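Spelled out, the chains give:
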Amino acid sequence: MIRKLVAASVLTLASGHLLAAECSVEVDSTDQMTFTTKAIEIDKSCKQFTVNLKHSGSLPKAVMGHNLVISKYDEMSQIATDGMSVGIDKDYLKDGDARVIAHTKVIGGGEKDSVTFDVSKLDPAEKYGFFCSFPGHIGMMKGTVTLK
Ligand SMILES: [Cu+2]
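Residues numbered from 1 in each chain as written. Predicted model: local features only at pLDDT ≥ 70, side-chain atom pairs only at ≥ 80, totals over all residues. Heavy atoms only, no water.

For the protein, an unreviewed UniProt entry supplies the name Azurin and the organism Pseudomonas graminis. Under Function (unreviewed entry), UniProt gives the following word-for-word description of the protein: "Transfers electrons from cytochrome c551 to cytochrome oxidase." (UniProt positions renumbered as here; feature names shortened; annotations may be inferred.)

Right, here's the structure in full:
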C-alpha cells in the first residue's frame, strides 16, 4: 500500500516536471488601459510559444482597443509611433513591419485573440518586450519578454 502511494507520487512529480515548460501565456487587458501581466517568460525548450490575449473590459475597441505586440525592447516605442497613424483596421502597425516578431489583432471589451510564433526568432542575447500599439497606450501597457 505504502509502496503504491510512493510510486504514485513519484509519477506525479515526474509528469509535473514534464509539464513545467508551458509554452503559452494568458494575458488579460482592461478598460483601465492595463495588461494584467508585466513579464512574459518563455522556456527555452519551447519550439513555439502562444500568447492568449483577453480583454475583460467592456469598452469597444475603437475607444479602448488593445493588441499585444512583441519586439526587441529598444524598438517598441518606434514601432508604436510608426503604427499610430496606420489605423485600427491594420492593428496600428505599419504594413509588414519586420521589427514585429508577433502580434495579435486589436480587440475590444469581451473579445480575445491569440498569436503563436517560433521561439527561434528570439536571440537569447537580446532584450525583448511586449506592448499595446493602440495610440497612447504604450506608456501604460508594456512589459518584458524573457527567454529562460
Ligand atoms: Cu491598449
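And the narrative resumes.
1. Things to note about the sheet that holds strand β1 (residues 24–29)
As summarised here, the arrangement of the 3 strands in space is β1-β3-β6, forming an open sheet in which the pairing is mixed. Every interior strand has two partners, whereas the edge strands, β1 and β6 (112–118), have only one. Sheet twist, expressed as the average angle between the axes of neighbouring strands with direction ignored, equals 20 degrees. Pairing between strand β3 (residues 48–55) and β6: 7 bridges, direction antiparallel. Each residue of the ladder has a partner; that of Gln48, found in β6, is Asp118. (Pairing = 2+ DSSP bridges. Helix = DSSP H or I, 4+ residues; strand = E, 2+ residues; numbered from the N terminus. Axes fitted to C-alpha atoms, helices over the stretch in contact; angles between N-to-C directions.)

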